[in-house]
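The chain contents come next:
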Amino acid sequence: GESVGLHLPTLSVQEGDNSIINCAYSNSASDYFIWYKQESGKGPQFIIDIRSNMDKRQGQRVTVLLNKTVKHLSLQIAATQPGDSAVYFCAETGFQKLVFGTGTRLLVSP
Amino acid sequence: GAVVSQHPSWVICKSGTSVKIECRSLDFQATTMFWYRQFPKQSLMLMATSNEGSKATYEQGVEKDKFLINHASLTLSTLTVTSAHPEDSSFYICSVPKILAGEDTQYFGPGTRLTVL
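Throughout what follows, the structure given in this document is the object of discussion.

In terms of helices and strands, chain A carries zero helices and eleven strands. In chain A, the succession of helices and strands from N to C terminus is β-β-β-β-β-β-β-β-β-β-β. Over its C-alpha trace chain A gives a radius of gyration of 13 Å, about what one expects of a compact globule, namely 13 Å for 110 residues. Across its three principal axes, chain A shows a C-alpha extent of roughly 40 × 25 × 20 Å. Taking all 110 residues of chain A together, the buried fraction comes to 43%. When contacts within chain A are restricted to residue pairs at least 6 apart in sequence, those whose partners lie at least 24 apart make up 52%. Entry remark: accessible area of chain A is about 5,500 Å², with carbon and sulfur atoms responsible for 48%. Put simply, chain A has 10 plus and 9 minus side-chain charges, and the middle of one group is 3 Å from the middle of the other.

The structure is reproduced here in structure tokens:
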């Protein structure tokens, strides 16, 4: 069936390092992808999105890369800070319905 | 962005009782809202789509008679867990899609933690 999954369940980095969180998706028809950050006990928070007609999009300290050939999505966080510690989900959306990946926990050590 | 609120933020109830959770879109109107459930250390699973003025659309495997959804207005959707049991204990989150020029995403509420004793 259709699914969106992540390669790494937990990523540990040092403060100041760059972080890369990966995501694989299986529905080649997906045309819109979103990265969410979820802190413990809270709802997901929108980080950045990208449409399938793009391969890169940058925000503040974050960059999303999309490789449609291998159906791969990544989130890059520059100069990772302790406040970035959270679970990160990629999601694909078709007709407004979101399909979430399994999530990656990012742990940032000071 | 968008502001979405949920009430209550947490609730503890006895088995067999019903619990109502509210989801409000505070800064724009939404004809559609979504309800998700999230078990500990797991991803979000879509339960149903709440439609203003019509019946909710439930995902496969979600009991519509157990999870009653009412889209009361363009800014309010409610989820009622009827005859709750311990296995219904979970984190319930709503989202509101915002589709405007240049923006097409969903904004989530802070979630409601339900614990059924």
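Each pocket or cavity is described by its volume, and for the largest pocket that value is around 470 Å³. Forming the boundary of the largest pocket are 22 residues, of which Val87(A), Arg105(A), Gln38(B), Lys41(B) and Gln42(B) lie nearest the centre. At the level of secondary structure, the elements contributing two or more residues to the lining of the largest pocket comprise strand 9 (86-94) and strand 11 (104-109) of chain A. At three residues, strand 9 of chain A tops the list of elements feeding residues into the lining of the largest pocket. In the lining of the largest pocket, the residues fall into seven nonpolar, ten polar and five charged.

Residue and element names in this part refer to chain B. Counting residues in each nonpolar core, the largest one holds 25 residues, and the members touching the most others are Trp-35, Phe-67, Leu-79, Tyr-92 and Leu-114. Secondary-structure elements contributing two or more residues to this core are strand 2 (10-13), strand 3 (19-25), strand 4 (32-38), strand 5 (44-51), strand 7 (67-73), strand 8 (76-81), strand 9 (90-100) and strand 11 (112-116). Discounting residues that sit within four places of it in the chain, Tyr-92 has contacts with Gln-6, Ile-21, Tyr-36, Arg-37, Met-47, Phe-67, Leu-79, Gly-111, Thr-112 and Leu-114.

A separate point is the interface of chain A and chain B. Interfaces are often sized by the amount of accessible area the parts lose when they come together. Counting from both sides, the interface comprises 17 residues of chain A and, opposite them, 21 residues of chain B. Summing the contributions of chain A and of chain B, the shared interface buries around 1,500 Å²; its carbon and sulfur component is 53%. Across the contact surface, chain A and chain B share one salt bridge. At the level of secondary structure, the elements contributing two or more residues to the side of chain A that touches chain B comprise strand 4 (32-38), strand 5 (45-51) and strand 10 (97-100) of chain A. The element contributing the most residues to the side of chain A that touches chain B is strand 4 of chain A, with four residues. Within the side of chain A that touches chain B, the residues separate by chemical class into eight nonpolar, six polar and three charged.

Taken together, the side chains of Trp10(B), Ile12(B) and Leu117(B) define a hydrophobic patch exposed on the protein surface, amounting to about 380 Å² of accessible area. Residue class for Leu117(B) comes out exposed when judged on its relative accessible area of 61%.

Calculation criteria
Residues numbered from 1 in each chain as written. Chains lettered and ligands numbered in written order. Predicted model: local features only at pLDDT ≥ 70, side-chain atom pairs only at ≥ 80, totals over all residues. Heavy atoms only, no water. Helix = DSSP H or I, 4+ residues; strand = E, 2+ residues; numbered from the N terminus. Rg over C-alpha atoms; globule rule 2.2 N^0.38 Å. Buried < 20%, exposed > 50% of the residue type's maximum accessible area, 1.4 Å probe, protein only. Contact = heavy atoms within 4.5 Å. Areas by Shrake-Rupley, 256 points an atom, 1.4 Å probe, with all protein chains shown as cover. Lys, Arg positive; Asp, Glu negative; His and termini not counted. Charge placed at Lys NZ, Arg CZ, Asp CG, Glu CD. 1 Å grid on protein atoms, 1.4 Å probe; cavity = no way out; pocket = protein on both sides within 12 Å on 5 of 7 lines; lining within 4 Å. Points joined across faces, edges and corners; volume = space filled by probe spheres on them. Nonpolar A, V, L, I, M, F, W, Y, C, P; charged D, E, K, R; others polar. Core = buried A, V, L, I, M, F, W, Y, C linked by side-chain atoms within 4.5 Å. Buried area = accessible area lost by both parts, 1.4 Å probe. Salt bridge = Lys/Arg side-chain N within 4 Å of Asp/Glu carboxyl O. Patch = residues over 30% accessible without salt bridge, like charges linked within 9 Å, V, L, I, M, F, W, Y side chains within 5 Å.

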